Amino acid sequence: APQKYLPAHPFLRAAMTGQVDVLVVGGGGREHAISVKLRESLKVRHVFCAPGNGGTDAEEGMTNVAVGDSDVEGLVKLAKEKSVALVFVGPETPLCLGLADACNAAGIPCFGPSKLAAELEASKAFSKDFFAKHGLPTAAYKTFKDSDYDTALSYVEAEYAAGREVVVKASGIAAGKGVLMPANAEEAKAAVREVMVDKAFGAAGDEVVIEQLLIGEEVSCMAFADGKVASMMLPAQDHKRANDNDEGPNTGGMGAYAPAPCLTPKLRREVEEVLQKTVDAMASEGRPYIGCLYGGFMLTKEGPLLLEYNCRFGDPETQVLLPLLDSDLFEVALGCAEGDLQARVPKVQWKDGAAATVVCAAKGYPGSYPKGLVISGLEKAAVVEGVKVYHAGTKKSDDTLVTSGGRVLAITGCAPNFREALKRAYEGVQLIRFEPAGGGPSGLHFRTDIGRLAIERPTRIAIVGSTRGSSSQATFDAIKAGTLNARIVVACSNKLDAGILERGLAEGIPAVHVPCKKGTPRAEYDAKLTEVLRDYGVDLVMLVGFMRIVSPEFCSDWANACINVHPSLLPKHAGGMDLEVHRAVLDAGETETGCTVHVVTAEVDGGPIVVQRKVTVVAGDTPESVKAKVQAEEGPSLIEAVRLFHERKAPFCR
């Protein structure tokens, strides 16, 4: 552009005329991942990391600078000296100290909220009151100050007497460790004492929030925010406890994966609405929110409920989210800092596939642990396909990389699917050792069950039919009995009065009528049906008495994930329905018949056979009596087919 059309600001001029330098504040694994992603941008020439770590020190195009992440004055001075076009803040502490405000006062674009906006994380008491004021869905709660210790104990006793369990939270910043989850009333009172009297979290416990324990699956939902718009990222799940099976003390996080399958498209829209409503409310209070808005949500029977907000990227969630970001992080962050994300990035894009990360910690973390252990195997791990090693607690010592913190590394695997991503991450972990000075076993600790929730997740089934759906009842019963790892999540029908919808409601699941006007093309109707099924996060479609021939497009959308039960031993009597099939069996003089569960394909009743069960035909049988015999086998056949699907066995190998 001609010189006269360039903005006067030197940092923005640099962003338009060529490559620029940026400053990343922080020294953990999160900041390593942020720096790597920024360095990928064609707009970025160099990344300065303050203070950085052993990983950022070894990366091309990055330089560590010995300025602490809480030194606001020193960081602004550094940003000016290096003429950076953007300051990207990783941890919460400098934001709560007003780093973004100081950068903005100096005319330096900053990705991170102001001190006022960061109060969403700095004070849980403020955030809970903010939720209540603006109608954001959250758990019932009450806050108590230091002088209210006895009142807090009485509140805990009353909650447990009423049959309600609680969570105890230090209101202030406690490095992600200020949440205590007691198992009973006595532990809850002990937790209150730990925070309010013993000052386990220092000044962060000057005020305590006691809130109702929420039951459900927790999911991390972050958004890029520019003060007006919240652009949600992929949902992620992390693992807070130190040991397998979610045992041991709370940590900063021992692993994560994305996208989290628990957040269905329908639930995602609800979460997006909460995130946007939060940004709107913050703006209305004169606290425009710029940066990463990190919402922790619990997926309850009542819907997604807010646990809390953080004012920065999560760690280790960042190490799985940013590798999946397809848009230019520099452009996204600068757009947010300028207050108009969509002007620079109209739509934030994400890659297909999945990512999983496993944290390698020093043995003893989060308690006392040794430092200075020599790290070996990094070169081998780095060449594993799809693996990136992010550093956290590492530093150089006499040209040797050693441990310097509790969480030392995060090994991230990326792949087209979650299982492969997880496999790659663990393959990388197995190659790394933390060598004790005197020799002996590795001083490395990691969890072996990262992603277990996703791997062992029940198969989510939709039952689709036009009649009563009687053969689906056996699947409902097996699920309730705990013998089938599955969930029926929605019942759909083309007929408003279909019994299958009543059956779904009776079993406590959503029942959705997808009407079909006369003359509607099959593909058009099936697209509407697919939209509903996707909304509910369906894995497997079970056609049960669906009196429609599905379109080739539907078969393609649900390839190898849609089954039908047919009342004959296919390929015999394919294409027939109900009593006409059983009459054809009798007319042919056959001595046995049965049912077949098959994969639905464009060829009617011609898909791969999954399960067949036989019954005997005897003299005197009628079409009605044969139907009764066959129907008795349909339910068990469907259960067996679901089990094969869940176990990824033939023909469902996928």
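All figures in this text were calculated on a predicted structure; none of them were measured in a lab.

K.L.:
Quick one: what's the story with unusual backbone geometry, residue by residue and with numbers?
P.N.:
Cis geometry is adopted by the peptide bond preceding Pro-259, which originates at Ala-258 and carries an omega value of -5 degrees. Examined against the element boundaries, Pro-259 turns out to sit in the loop between strand 15 (255-258) and helix 11 (265-284). Of note in this structure, Lys-199 is not a glycine but carries a positive phi near 55 degrees. Structurally, Lys-199 can be placed in the loop between helix 10 (185-196) and strand 9 (207-212). The exposure class assigned to Lys-199 is partly exposed, which follows from its relative accessible area of 28%. For Asp-578, which is not a glycine, the phi torsion comes out positive at approximately 50 degrees. Take Asp-578: it is sitting in helix 22 (residues 578-587).

K.L.:
A description of the pairing of strand 21 (residues 394-397) should follow, citing residues and the corresponding values.
P.N.:
Note: strand 21 against strand 22 (residues 400-403), four bridges, orientation antiparallel. Bridging across to strand 22, Ser-397 finds its partner in Thr-400. The antiparallel hairpin formed by strand 21 and strand 22 contains two residues in its connecting segment, where Asp-398 sits at a positive phi of about 55 degrees.

K.L.:
Residue-level account of the nonpolar core, with values.
P.N.:
Core analysis: the biggest nonpolar cluster contains 79 residues, and Leu-23, Val-87, Leu-275, Leu-409, Ile-432 and Phe-434 have the highest contact counts within it. Apart from the residues lying within four places of it in its own chain, the contact partners of Ile-432 are Ile-375, Ser-376, Gly-377, Leu-378, Ala-381, Leu-409, Ile-411 and Leu-444. Core analysis: the next-biggest nonpolar cluster, separate from the first, contains 55 residues, Ala-462, Ala-478, Val-512 and Tyr-525 among them.

K.L.:
A description of the sheet that holds strand 7 (residues 166-170) should follow, citing residues and the corresponding values.
P.N.:
Here four strands make up an open sheet; going across it, the order is 6-9-7-8 and the pairing antiparallel. The two strands at the open ends of the sheet, each matched to only one other strand, are strand 6 (141-145) and strand 8 (179-180). Summarising the sheet, strand 7 and strand 9 pair through five bridges and their orientation is antiparallel. Within strand 9, the position partnered with Lys-169 by the bridge is Val-209. This element, helix 8 (residues 124-134), spans strand 6, strand 7, strand 8 and strand 9 of the sheet and lies at about 45 degrees to strand 9.

K.L.:
A description of the packing of aromatic side chains should follow, citing residues and the corresponding values.
P.N.:
For the structure shown, the criterion picks out 13 aromatic pairs. When the ring of Phe-131 is compared with that of Tyr-309, the centres are 5.7 Å apart and the planes differ by 75 degrees; the resulting orientation is edge-to-face. With Phe-131 in helix 8 and Tyr-309 in strand 17 (residues 303-310), this residue pair connects regions lying 178 residues apart in the sequence. Take Tyr-309: its relative accessible area is 2%, and that puts it in the buried class. A centroid spacing of 6.0 Å and a plane angle of 70 degrees characterise the contact between Phe-224 and Phe-313, whose relative ring orientation is edge-to-face. Residue Phe-224 is found in strand 10 (residues 217-226), and its partner Phe-313 is found in the loop between strand 17 and helix 12 (318-321); the two are separated by 89 residues along the sequence. Using a relative accessible area of 0% as the deciding quantity, one classes Phe-224 as buried. On the basis of relative accessible area, Phe-313 is assigned to the buried category, the value being 2%.

K.L.:
Explain helix 19 (residues 499-506) to me, and be specific about the residues and the numbers.
P.N.:
Counting along an α-helix, one turn takes 3.6 residues, and residues three or four places apart therefore face a common direction. When we look at burial in helix 19, the residues that qualify are Ile-500, Leu-501, Arg-503 and Gly-504. Along the long axis of helix 19, the arc covered by the buried residues comes to 160 degrees, so they all point the same way. Facing away from the buried side of helix 19 by over 90 degrees, the exposed positions are Glu-502, Leu-505 and Ala-506. Where the residues of helix 19 are buried, they touch strand 26 (459-464), helix 18 (473-481), strand 27 (486-493) and strand 28 (511-513). At the C-terminal side of helix 19, Gly-508 shows a positive phi close to 80 degrees.

K.L.:
Got a sec to walk through helix 20 (residues 522-535)? Specific residues and values, please.
P.N.:
Its 14 residues give helix 20 an end-to-end C-alpha distance of 20 Å, which sits within 8% of 20 Å, the value for a rise of 1.5 Å per residue. Restricting attention to buried positions, one finds in helix 20 the residues Tyr-525, Asp-526, Leu-529, Thr-530, Val-532, Leu-533 and Asp-535. Looking at the packing, one finds that the buried side of helix 20 touches helix 11, strand 26, strand 27, strand 28, strand 29 (540-543) and helix 21 (552-557). Looking one or two residues beyond helix 20, the residue adopting positive phi is Gly-537, at roughly 65 degrees.

K.L.:
Help me get a handle on the packing of helix 18 against helix 23 (residues 623-646), residues and values and all.
P.N.:
Interhelical geometry of helix 18 versus helix 23 gives an angle of 55 degrees and a closest axis separation of 8 Å. The angle between the axes of helix 18 and helix 23 places the two elements in the oblique class. Between helix 18 and helix 23 the crossing geometry is right-handed. Of the residues in helix 23, those touching helix 18 at Ala-474, Thr-475 and Ala-478 are Gly-635, Pro-636, Leu-638 and Ile-639. Among the residues making up the contact of helix 18 with helix 23, the classes are represented as five nonpolar, two polar and no charged.

Criteria and cut-off values
- Residues numbered from 1 in each chain as written.
- Predicted model: local features only at pLDDT ≥ 70, side-chain atom pairs only at ≥ 80, totals over all residues.
- Heavy atoms only, no water.
- Helix = DSSP H or I, 4+ residues; strand = E, 2+ residues; numbered from the N terminus.
- Buried < 20%, exposed > 50% of the residue type's maximum accessible area, 1.4 Å probe, protein only.
- Pairing = 2+ DSSP bridges.
- Core = buried A, V, L, I, M, F, W, Y, C linked by side-chain atoms within 4.5 Å.
- Contact = heavy atoms within 4.5 Å.
- Axes fitted to C-alpha atoms, helices over the stretch in contact; angles between N-to-C directions.
- Phe/Tyr/Trp six-rings, centres within 6.5 Å; stacked < 30°, edge-to-face > 60°.
- Arc of directions from axis to C-beta.
- Expected span 1.5 Å × (residues − 1).
- Parallel < 35°, antiparallel > 145°, perpendicular 65-115°, else oblique.
- Left-handed = near helix turned anticlockwise from the far one by under 90°.
- Nonpolar A, V, L, I, M, F, W, Y, C, P; charged D, E, K, R; others polar.

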